[in-house]
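Listed here are the chains, written in short residue letters.
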Amino acid sequence: MSRVLRSLFMSMLLVCGFSPAHGGEGAALERGTAIIDPAALRELDHGRFGLRRIMAPMQSADVPLTSGDLFALPEMAPVKKALDEDFERYIERHKAELPTESIGVGQGFDFQLFDRTQLSSADTRFVLSGIVNRMDRAYVSEKDCGEIRLIYRLTQTGAGAIGEAAVSPRLPMTLNVVLKAKGAIPVDGAGVTITCAEIARRWLAAGQLAASGAELAGKLTATGGALDLVRPENIERIETNLQIAHAPKSAVRDFRTDYLMKVFDYDAASATFQEAPLENQIDRARLLADENLSHDFKAWLLDLAHFAELDKGTILIPERFLVKSAVAATPVGFAPSELQPAFGLVASEDGPTNPVFAESDVVGALKRATEHGAALQNIRSVAGFERRLNDMTCTGCHQTRGIGGFHFPGVDWLAAKPSNVTVVPASPHFFGDQVRRRDILAAFRDGKRVDFSRGFASRPQTRGSSELAGSEYENGWGAHCYVQHAKMSENDASFRSWTCADGLACQAVSPATRMGMCFVKGR
């Protein structure tokens, strides 16, 4: 079995066996940090959180906003134009790099393109799939208290409720509407002053509600509820993620799927959404080709303050080093390859001859951090630095413990039994990060110092909690791990804590990196 196929097989095992903790009241990992109840989302989508109420609140029509209606909005014209241009570039690049493999819409092609006519159709629309609290991103803009994200999934309409064995009408595209957690309104309808602490309190209180469906939706949107302050005027940007092409396994290639990711900031002056750089999505091609740019990037990133921010996961790389669109390929596997966004930036045997960072550069930065008393949590080696560079990019994160190229597809509430636990609303990465996010909300609520740091996408930060111990996120079956050397001193300092629980062994998927997954020990 090839390395890629083996990685895919392992990933499929993990996803198929995955079910988040919903064993009893209060057991769900997302409590207080996300709204994923399908019956409640159905009610919210039919009410003030339907996409028409969010994207076109001035319109009087009280019918769902079709995809055709959405992309016909004046503010969405730059979005449609940018998506079309990226499709054309993708097709041109494919023809140049893989001239013998056909590409087009339909199963008759080697690479099957996403059908763009779905975005101009009256028979598709974006359906609310989840609402996520991202106050853990308040380090980006403290005054806004972080973000609230409304996640919509492109869906074919007119299908009605679908049976358990029927094909879902959902299409492989999400639209993420990102809003400020704290808008300009200083007090709510009851006269309560709106602060970061108050917003966090409301979300954590919502996590304790035993209600579901219409009852839960009503409590969330009532005065004082977690969603009471989530309003269209607080929109900051929209993010799109779509499966631009899919290549089934064939005689010449393994299975592969590519996902196009883009961001559009709301520009108040033009009242439009304008294409913007993806946060921390480094432009690898330009960095490897432009010696001056790579020199500036290295100097900037290895600066002690920025190096510490990279370690914590709070770094914001300047726009001059970033790209405005990116394609995430899946499956990537555990071994370094050109499918990873930071591949080749750090010197290695398999990388290019002109890497941005030599091993000595990273070792020197680690030494300076130690000398200045910086308590590094994640980057303790060259391999840790390289993994962190991948983690911090949009595509690198989505390639790690994702469901295909998505972290939050959401449960399909059009299904006959949408709450079935075998239906996975989000990726292992998403659920593994909820303990950290909830800890941040509690700190906001209680007026304590907020620790915004985070672990690797492969292995969540424990933050002193034992909630994830023994699970697929930390040491349990399916957890990402590092095969330990017989001598502790030979283990990579960044990953020596990536172990497995008793009865499980770390089985390497990539011998070169010693990275693998925890499985039952062989007999």
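Since we're looking at a predicted model, the values are computed, not measured.

Novice: Help me out: how do you make sense of the overall build of the protein chain in this one?
Specialist: Scanning the protein chain from N- to C-terminus turns up 15 helices and 15 strands. If you line up the protein chain on its principal axes, its C-alpha atoms span 65 × 60 × 55 Å. For the protein chain, with 523 residues in total, the buried portion stands at 54%. Long-range contacts, defined as pairs at least 24 residues apart, comprise 67% of the intrachain contacts of the protein chain with a sequence gap of at least 6. Put simply, the protein chain shows about 22,800 Å² of open surface, and 52% of that area lies on carbon and sulfur atoms. Measuring between centres, the 58 positive side-chain charges of the protein chain sit 3 Å from its 63 negative side-chain charges.

Novice: Teacher, can you tell me more about the confidence of the model for the protein chain here?
Specialist: Atomic detail in the predicted coordinates should be set aside for any region of low pLDDT. Here the protein chain shows a mean pLDDT of 90. Residues at 70 or above account for 92%. Confidence drops under a pLDDT of 50 for residues 1-26, and excluding neighbours within four residues, the segment shows 48 contacts in the predicted structure.

Novice: In this structure, what is going on with unusual backbone geometry? I would like to understand it.
Specialist: Generally, phi is negative for residues other than glycine and the peptide bonds are trans, each holding for most cases. Cis geometry marks the peptide bond from Thr330 to Pro331, where omega comes out at -5°. Structurally, the position occupied by Pro331 is in the loop between strand S10 (325-330) and helix H11 (359-371). Although it is not a glycine, Arg401 adopts a positive phi angle of roughly 55°. Not every positive phi belongs to a glycine, and Arg514 is a case in point at roughly 65°. For Arg514, the position within the fold is in the loop between strand S14 (504-510) and strand S15 (515-520).

Novice: Mind showing me how you'd approach the state of the cysteines here?
Specialist: Linking two cysteines covalently via their sulfur atoms produces the bond known as a disulfide. Enumeration according to the criterion identifies three disulfides in this entry. Covalent S-S linkage joins Cys145 and Cys196, the inter-sulfur distance amounting to 2.0 Å. Here the disulfide of Cys145 and Cys196 is left-handed, its torsion about the S-S bond being about -85°. With Cys145 in the loop between strand S4 (124-134) and strand S5 (147-156) and Cys196 in helix H6 (residues 196-206), this pair connects stretches of sequence that are 51 residues apart. Residues Cys145 and Cys196 agree in their burial class; the two are buried. In this model Cys500 forms its disulfide with Cys518; the gap between the sulfur atoms is 2.0 Å. Handedness here is read from the sign of the S-S torsion; for Cys500 and Cys518, about -90°, the answer is left-handed.

Novice: Looking at this structure, how should I read empty space enclosed by the protein?
Specialist: To locate leftover empty space, one rolls a probe as large as a water molecule over the atoms. Tallied over the entire structure, the rule returns four cavities of 30 Å³ or more. Roughly 70 Å³ of internal volume is contained in the largest cavity. For the lining of the largest cavity, a count of residues per class yields five nonpolar, two polar and three charged. The space that makes up the second largest cavity amounts to roughly 50 Å³.

Novice: Before we go on, may I ask you to explain helix H10 (residues 304-312) in this structure?
Specialist: Every buried residue belonging to H10 is among His306, Phe307, Leu310 and Asp311, and all of these are buried. Buried residues along H10 cover an arc of 145° about the axis, so they all sit on one side. With a side-chain oxygen lying 3.1 Å from the backbone nitrogen of Ala305, the N-terminal cap of H10 falls on Asp303. Of the residues flanking the end of H10, it is Gly313, one or two places downstream, whose phi is positive at about 90°.

Novice: It is not clear to me how the sheet that holds S15 should be interpreted in this structure. Could you clarify?
Specialist: What holds strands together in a sheet is hydrogen bonding between their backbones, with the strands either parallel or antiparallel. The antiparallel open sheet is built from three strands, whose spatial order is S13-S15-S14. For this open sheet the edge positions go to strand S13 (480-482) and S14, each flanked by a neighbour on one side alone. Within this sheet the neighbouring strands show an average axis-to-axis angle of 55°, counted without direction. Here three bridges tie S13 to S15, and the two strands are oriented antiparallel to one another. Residue pairing for S15: Tyr482 is matched across the bridge by Met515.

Novice: Looking at this model, I keep getting lost on the environment of Glu198. Mind explaining?
Specialist: Locating Glu198 in the fold gives a position in helix H6. The spacing of Glu198 and Glu467 is 269 residues in sequence and 25 Å in space, taken between C-alpha atoms. Ignoring any residue separated from it by four or fewer positions in sequence, one finds Glu198 in contact with Val192 and Thr193. In terms of polar contacts, Glu198 uses its side chain to reach the side chain of Arg201, at 2.8 Å. One polar contact links Glu198 to Arg202, side chain to side chain, over a distance of 2.8 Å.

Novice: I keep staring at the pairing of strand S6 (residues 170-180) and nothing clicks. Help me out?
Specialist: The two faces of a sheet get side chains in turn, since along a regular strand they alternate between them. Of all eleven residues in S6, nine are buried; the element is thus mostly enclosed. Note: S5 against S6, eight bridges, orientation antiparallel. Paired with Arg153 across the strands is Thr174, a residue of S6.

Novice: Whenever I open this one, the nonpolar core confuses me. Can you help?
Specialist: Most often, soluble globular proteins keep nonpolar side chains buried together rather than apart. Met55, Leu70, Ile131, Leu150 and Val177 are the most contacted members of the largest nonpolar core, which has 73 residues in total. If we skip the residues at most four places from it in the chain, Leu70 touches Leu51, Met55, Leu65, Met76, Phe126 and Leu175. Judged by nonpolar contacts, the second largest core, of 29 residues, contains Leu287, Leu302, Ile315 and Phe357.

Novice: When you look at helix H7 (residues 213-221) in this model, what are you seeing that I'm missing?
Specialist: Quick reminder: α-helices carry 3.6 residues per turn. Residues three or four places apart thus point the same way. Within the sequence span of H7, burial applies to Gly213, Leu216, Ala217 and Leu220. Buried residues of H7, seen end-on, are gathered within an arc of 100° and therefore sit on one face of the element. Packing partners of the buried residues in H7 comprise strand S1 (34-35), helix H2 (38-45) and H6.

Novice: Would you mind going over the packing of H6 against helix H15 (residues 434-446) with me for this structure?
Specialist: Angle between the axes and distance between the axes: these two values describe a pair of packed helices. One can describe the packing of H6 onto H15 by two numbers: an axis separation of 7 Å at closest approach and a directional angle of 130°. Taken as axis vectors, H6 and H15 run oblique relative to one another. Viewed along their axes, H6 and H15 form a crossing whose handedness is left-handed. Only Arg438, Leu441, Ala442, Phe444 and Arg445 of H15 make contact with H6, whose side of the interface consists of Cys196, Ala197, Ala200, Arg201, Trp203 and Leu204.

Quick notes on the rules
- Residues numbered from 1 in each chain as written.
- Predicted model: local features only at pLDDT ≥ 70, side-chain atom pairs only at ≥ 80, totals over all residues.
- Heavy atoms only, no water.
- Helix = DSSP H or I, 4+ residues; strand = E, 2+ residues; numbered from the N terminus.
- Buried < 20%, exposed > 50% of the residue type's maximum accessible area, 1.4 Å probe, protein only.
- Contact = heavy atoms within 4.5 Å.
- Areas by Shrake-Rupley, 256 points an atom, 1.4 Å probe, with all protein chains shown as cover.
- Lys, Arg positive; Asp, Glu negative; His and termini not counted.
- Charge placed at Lys NZ, Arg CZ, Asp CG, Glu CD.
- pLDDT = per-residue confidence, 0-100.
- Disulfide = S-S within 2.5 Å.
- 1 Å grid on protein atoms, 1.4 Å probe; cavity = no way out; pocket = protein on both sides within 12 Å on 5 of 7 lines; lining within 4 Å.
- Points joined across faces, edges and corners; volume = space filled by probe spheres on them.
- Nonpolar A, V, L, I, M, F, W, Y, C, P; charged D, E, K, R; others polar.
- Arc of directions from axis to C-beta.
- Polar contact = N/O pair within 3.5 Å; in protein donor to acceptor, adjacent residues only side chain to side chain.
- Pairing = 2+ DSSP bridges.
- Axes fitted to C-alpha atoms, helices over the stretch in contact; angles between N-to-C directions.
- Core = buried A, V, L, I, M, F, W, Y, C linked by side-chain atoms within 4.5 Å.
- Parallel < 35°, antiparallel > 145°, perpendicular 65-115°, else oblique.
- Left-handed = near helix turned anticlockwise from the far one by under 90°.

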